[in-house]
Amino acid sequence: MRSATPWSTVFDDVLLATGETLYMVGVSTLIAVLLGTPVGIWLQLTAPGGLKPRPLPHKVLGFVVDLGRSMPFLVLLVVLTSLTRLLLSTTIGPTAAIVPLAVGAIPFVGRLVQNVLSEVHVSVVEAAVTTGSSTTRIVRSVLLRESLPALVNAIGVTAIALLGYSAMAGVVGGGGLGDLAVREGYQRFNDRYLWSTVAVLAVIATALQFTANRVARAVDRRRHASV
C-alpha cells in the first residue's frame, strides 16, 4: 500500500502552484482590461443612441465579441496553439497559458464594459454634451467616472472567471493549481493534493470577490464625497 504524501511536500507543491496561478490570472486580467476596455467603450459609443452611432461597425465588432465569448476555453486553447508558439516558442507552462487566457477574456471584458457604460443615466451624458465637451472628455470624465464602481466589480468578475480558466489550462500543461490537481490529485488518486488545490482555489476566488467589493465601495464613497 502506497504511503500518503507528507503534508510538508503537499504544502510546498501547492504553494508553488498557487504562485503560478496568481501570475497567470494577474497578467491575463491586466491585459484583458487594457485591451477589452477600449472595445467596450467603442461598442457603447457606436451603439444606437450612443455618442457616435455607427450601425455597421457596431454590428461587426459586436459579432466578433459575441463569437469570442461563446467559444469554449478548451477549444480556444487548441485554436491558439500556433499563436502561442509563435509568440513564446512554447505552449507549455504558465506564461504560455496567459496568451489564450487574455485573448479569451478580452471580448468578455468588452461586453461587460459596454453593459456598465450603458447604465450611466442619459441625462448626465446629455448635460456634458450641451456644455460642448468632446467625446474623449465625456468618456473619461462622465462615462468612466460615473461607472467606476461597477467597472471595478466587472474586473473582479473577470479575474474570478480567469481563475477558473487557468484551472482548465492546467489540463493541457498550463501549470498552476489546475495542473497540480489533475496530475497529482486525479491521475494519482491523491486526495491531499486534490482537496488542497480545491480549497486554495476557493480561498482565492473569495478573496478576489471581497477585494473587488471593498474597492468598489471605496471608489463609490470617494466619488460621492467629491460631488
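Predicted, not measured: the structure shown is a model, and the values here were computed from it. (Residues numbered from 1 in each chain as written. Predicted model: local features only at pLDDT ≥ 70, side-chain atom pairs only at ≥ 80, totals over all residues. Heavy atoms only, no water.)

Comments concerning helix H1 (residues 7–46)
- An ideal rise of 1.5 Å per residue puts 58 Å on 40 residues; H1 measures up with 56 Å between its terminal C-alpha atoms.
- Along H1, the largest kink reaches about 30 degrees and is centred on Gly36; proline Pro38 follows within four residues of it. (Helix = DSSP H or I, 4+ residues; strand = E, 2+ residues; numbered from the N terminus. Expected span 1.5 Å × (residues − 1). Bend = angle between axes of the 7 residues up to and from the residue.)

A look at the UniProt feature "transmembrane region" (unreviewed entry) in the protein
- In the UniProt entry, the feature "transmembrane region" (unreviewed entry) is given for residues 22–48, 60–80, 150–173 and 193–212.
- Taken end to end, residues 22–48 comprises 93% helix and 0% strand; its first and last C-alpha atoms sit 39 Å apart. (UniProt positions renumbered as here; feature names shortened; annotations may be inferred.)

Some remarks on the pattern of salt bridges
- One pass over the full model with this rule turns up 4 salt bridges.
- In this structure, the salt-bridge partner of Arg69 is Asp66, at a minimum N-O distance of 3.4 Å. Note that Arg69 and Asp66 are positioned in helix H2 (residues 55–70) at a spacing of 3 residues, about one turn of the helix.
- In this structure Asp66 comes out as partly exposed when scored by relative accessible area, which is 34%.
- With a closest N to O distance of 3.1 Å, Arg183 and Glu184 form a salt bridge.
- Residue class for Glu184 comes out buried when judged on its relative accessible area of 12%.
- Taken together, the shared-partner salt bridges connect Asp66, Arg69 and Arg111 into one network. (Salt bridge = Lys/Arg side-chain N within 4 Å of Asp/Glu carboxyl O. Buried < 20%, exposed > 50% of the residue type's maximum accessible area, 1.4 Å probe, protein only.)

A short note on the packing of helix H4 (residues 81–88) against helix H5 (residues 94–118)
- Running from amino to carboxyl end, H4 crosses H5 at an angle of 130 degrees, the nearest separation of the two axes being 10 Å. Between H4 and H5, the interaxial angle falls into the category oblique. The element H4 and its partner H5 pack so that their crossing is right-handed. Residues Leu83, Thr84, Leu87 and Leu88 of H4 form the contact with H5, whose participating residues are Thr95, Ala96, Val99 and Pro100.
- Across the contact of H4 with H5, the residue classes break down as 6 nonpolar, 2 polar and no charged. (Axes fitted to C-alpha atoms, helices over the stretch in contact; angles between N-to-C directions. Parallel < 35°, antiparallel > 145°, perpendicular 65-115°, else oblique. Left-handed = near helix turned anticlockwise from the far one by under 90°. Contact = heavy atoms within 4.5 Å. Nonpolar A, V, L, I, M, F, W, Y, C, P; charged D, E, K, R; others polar.)

Quick notes on the environment of Leu144
- In this structure, Leu144 sits in helix H7 (residues 135–146).
- The sequence separation of Leu144 and Ala169 amounts to 25 residues, and the corresponding C-alpha distance is 32 Å.
- Ignoring any residue separated from it by four or fewer positions in sequence, one finds Leu144 in contact with Ile41, Leu117, Val139 and Leu151.

Notes on a nonpolar patch on the surface
- Where nonpolar side chains cluster on the molecular surface, the patch consists of Leu56, Val60, Phe63, Val64 and Leu67 and spans about 520 Å² of accessible area.
- Relative to the helices and strands, Leu56 resides in helix H2. (Patch = residues over 30% accessible without salt bridge, like charges linked within 9 Å, V, L, I, M, F, W, Y side chains within 5 Å. Areas by Shrake-Rupley, 256 points an atom, 1.4 Å probe, with all protein chains shown as cover.)

Looking at the side chain of Thr158
- By secondary structure assignment, the location of Thr158 is in helix H8 (residues 148–169).
- Take Thr158: its relative accessible area is 1%, and that puts it in the buried class.
- For Thr158, the side chain forms a polar contact with the main-chain oxygen of Ala154, separated by 2.9 Å.
- Not counting residues up to four positions away in its chain, the partners in contact with Thr158 are Ala105, Phe108, Val109 and Leu112. (Polar contact = N/O pair within 3.5 Å; in protein donor to acceptor, adjacent residues only side chain to side chain.)

Topic: the UniProt feature "domain: ABC transmembrane type-1" (unreviewed entry) in the protein
- The positions UniProt marks with the feature "domain: ABC transmembrane type-1" (unreviewed entry) are residues 18–216.
- The span residues 18–216 carries 83% helix and 0% strand; its end-to-end C-alpha distance comes to 25 Å.

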